[in-house]
Amino acid sequence: MFGLGKKDVTLLLIVTALTMLAPFLLNPFPEGSAMAQFNAGYPDLMQRFVIFGIFAIGFNILFGLTGYLSFGHAAFLGVGSYAAVWMFKLLSMNVLPAILLAVATSGLFALVIGFVSLRRSGIYFSILTLAFAQMSYALAYSVLTPITGGETGLQLALDDPRILDGAAEGGNIPTPGLFGLEMNDSTQLVMGNWVFTFSIGYYFSAFIMLLAFYMAIRIFRSPFGMMLRAIKSNNTRMTYTGLNARPYALAAFVISGMYAGLAGGLMASMDPLAGAERMFWTASGEVVLMTILGGVGTLIGPVLGAGMIKYMENIVSKINSDILHTWFAFLPDGLEDLVVTMIYPFVGKGWHLTLGLMFMLVVIFLPGGLVQGGQKIARLFRRKKTDDAKKSTQSTPAE
Amino acid sequence: MDAIILQILNGLDKGSAYALIALGLTLIFGTLGVVNFAHGALFMIGAFCAVTLSRILNVSFETVDPTKTDFLGNPAKIKTTYIEHWLGPDLGGSILDWGVPLAILFAIPIMIAVGVLMERGLIKHFYKRPHADQILVTFGLAIVLQEIIKYFYGANPIPTPAPDVFRGSFDFGTLIGYEANQIIYPYWRLVYFAFAAMIIGAVFAFLQFTTFGMVVRAGMADRETVQLLGINIDKRFTIMFGIAAAVAGLAGVMYVPINPPNYHMGMDFLVLSFVVVVVGGMGSLPGAVFAGFLLGILESFASMGVIIDLLPGINQIIIYLVAIIILLTRPRGLMGRKGVMED
């Protein structure tokens, strides 16, 4: 089906089901209960899950397949956001042209940067991409203010031309939409104590993420993907066979830049503003964290990693000491205080500490990320099962 | 002309910091072959050693002075630090005043311990893993160290002043025949530059003129042969890691009066220091020092008004621009050795 193997179809179907049912799955706790703050099923966060999922999928095509570690990938995300917002300002509030322009611009940008950076490999490549991204950030922040809005960021204004839509009526800045469907529109479904929110923006982004995911599977399974793996495993030998590695690496770089631009365009479509801080090197570091945490070179890993980090950023960071005290209220007083003081540094404002520790543990013990962890656990269970099966077969003759 | 001299001077202090951090990075890279992304965190820990020492020195007790009243009419409470109480206001006061330079003594053992612990505890296990893994694990470590410091010291910069003697500015212009107040330069920055030059000199002398340094240099050139000669090179490399950490830490200690330390200062410097190392040439110690000063001075030249008018925004990107040009024209960096990190 879709030109995919059986396993890949299953994976794609599982991911489709998960993303489509996300508003239910991420809202397991009833409204108003003590656990309700762990609900991640609100549109803003779900959109971030899928958008950063796209970003990480794209990064993984470069890093996971070719092994080139780019430390400046956020630049493409930023360029994509700016391009999309400009499209909203000049042409129309429809998201399609905005996203197309975002992808095209960041693709071009990636072509230029990739052409220069890919002359070097290893850590030099990382430093070059970092340097380009920091330059873009610094320029967007200072000299390019007429294009980028500088410190305040690029925002929509009432007097933007918007050739296709005409001037805004009623003094309200219009919201991005898709042929009449507004991105920030949502409906709520109330079932007993549970409230589920279905947002158009989320489903639109989720649909695009599924497309992006499908594309990534195709790339992974294609001869082109094989070439990229060859670059990672042995560049020299690839050259000896008469193949020039650089065009392939450049293609991978551009594709992954376009993915980042797509993510940036979507981000601007959900919330039409763009700022230079999206290009800062910490943002590039974040996508590296996501990919490694989930599992480099695996299909589903980057999406998992993106979801996990965004979940922690939004949910774990909200836990404060009062909440901790209510959780551990069942313990005797002294013990309660002790437990709370032990846990407190790792949640709330300190969630970065948890993130850093988790990241280190993953790099040290699970170089394949969470996916490898999952596989290990699955293997453990399978072995147990086969052991059980063996035991049962052994025990039957005895009777 | 005076503007040019001023810019060179301005570039020196930042250049010194870059050079010191890059020197440590190169030492680690040259000896152990590890790309240490946590090196900026070591710089930051050094800075916070100075903060910690000044907090320890300022531990005080309160006494009530019945002769004076505060603005509410209550008897005034006077804070006296234990140092002044024990050693008298003169000696105690000057110890308080010289808190930052004293922190050097305080920081050296701490930094060496942190460095050795880091190498033995974590980085040792990463020698055989790819460079990408080393970058990633030290990046994670940097986040962890940063967050620990943030937990204890908060997110805001902590101003810690230099000793009174160095607080003013030095009229450099009068020395070389300019009129007064044309080229003025804060004393502490001069101190910082002199200090950096001293440390750099000490590290080079240590490597060049001691037996230990000779063995380390031999190990950098050919680790296996040195091991075959029956020398425990790993132990020496661990000590070098400690020394590199101490160099970064001291750079941090002395930088405190120039820029109040906050928890992410390390990361800010790290990115630039990596650029410096790459420009200087991976694995080349003189290259790292030279590139550090070069980029520091270039950066301050680029922020001159005339040049900004000519090329707007150049001050923001000059370092990265230079790095890109050098990497593309001289792939090994300015003084890179053949065969280092060439894959």
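Residues numbered from 1 in each chain as written. Chains lettered and ligands numbered in written order. Predicted model: local features only at pLDDT ≥ 70, side-chain atom pairs only at ≥ 80, totals over all residues.

### Section: the environment of A:T145
All names here are of chain A.
Now for step 1: By the element assignment, T145 lies in helix α7 (residues 145-148).
Now for step 2: Residue classification places T145 among the partly exposed residues on the basis of 17 C-beta atoms within 10 Å.
Now for step 3: For the pair formed by T145 and A276, sequence separation is 131 residues and the distance between their alpha carbons is 9.9 Å. (Helix = DSSP H or I, 4+ residues; strand = E, 2+ residues; numbered from the N terminus. Buried ≥ 20, exposed ≤ 12 C-beta atoms within 10 Å, placed from the backbone.)

### Digging into the packing of helix α3 (residues 43-66) of chain A against helix α13 (residues 301-314) of chain A
Residues and elements named next belong to chain A.
Now for step 1: Two elements in contact, α3 and α13, have axes whose closest approach is 8 Å; the angle formed by their N-to-C orientations is 140°. Judged by the angle between their axes, α3 and α13 are oblique. For the pair α3 and α13, the sense of crossing is right-handed. Contact residues: α3 offers L45, R48, F49, F52, G53, F55, A56, I57, F59 and N60, while α13 offers P302, V303, G305, A306, G307, K310 and N314.
Now for step 2: Taken together, the residues of the contact of α3 with α13 sort by class into 10 nonpolar, 5 polar and 2 charged. (Axes fitted to C-alpha atoms, helices over the stretch in contact; angles between N-to-C directions. Parallel < 35°, antiparallel > 145°, perpendicular 65-115°, else oblique. Left-handed = near helix turned anticlockwise from the far one by under 90°. Contact = placed C-beta atoms within 7 Å. Nonpolar A, V, L, I, M, F, W, Y, C, P; charged D, E, K, R; others polar.)

### Points about the pairing of strand β5 (residues 194-199) of chain A
Residues and elements named next belong to chain A.
Now for step 1: Two elements, strand β4 (residues 186-191) and β5, share 6 bridges in a ladder whose sense is antiparallel. Paired with L189 across the bridge in β5 is F196.
Now for step 2: Counting the residues that bridge the hairpin from β4 to β5 gives 2 residues, and of these G192 lies at a positive phi of roughly 60°. (Pairing = 2+ DSSP bridges.)

### Looking at the domain arrangement of chain A
Now for step 1: For chain A, the domain assignment lists domain 1 (6-281 + 295-300) and domain 2 (315-394).
Now for step 2: Taking the mean C-alpha position of each, domain 1 of chain A and domain 2 of chain A sit 29 Å from one another. (Domains from an automatic or database assignment.)

### Some points on the interface of chain B and chain A
Now for step 1: Each partner contributes residues to the interface: chain B has 32 residues there, and chain A has 33 residues.
Now for step 2: Residue assignment for the side of chain B that touches chain A shows that the elements contributing at least two residues are α5 (131-153), α11 (265-280) and α14 (314-329) of chain B.
Now for step 3: In terms of residue count, α5(B) provides more of the side of chain B that touches chain A than any other element does, 14 residues in total.
Now for step 4: Of the residues contributing to the side of chain B that touches chain A, the split by class is 25 nonpolar, 4 polar and 3 charged.

### Regarding the nonpolar core
Nonpolar side chains tend to gather and get buried jointly when the protein is soluble and globular.
Now for step 1: Core analysis: the biggest nonpolar cluster contains 227 residues, and A:I54, A:F55 and B:V275 have the highest contact counts within it.
Now for step 2: Of the residues that make up this core, three or more belong to each of domain 1 (6-281 + 295-300) and domain 2 (315-394) of chain A.
Now for step 3: Apart from residues lying up to four places away in sequence, B:V275 is in contact with A:I127, A:A131, B:I319, B:Y320 and B:A323. (Core = buried A, V, L, I, M, F, W, Y, C linked by C-beta atoms within 7 Å.)

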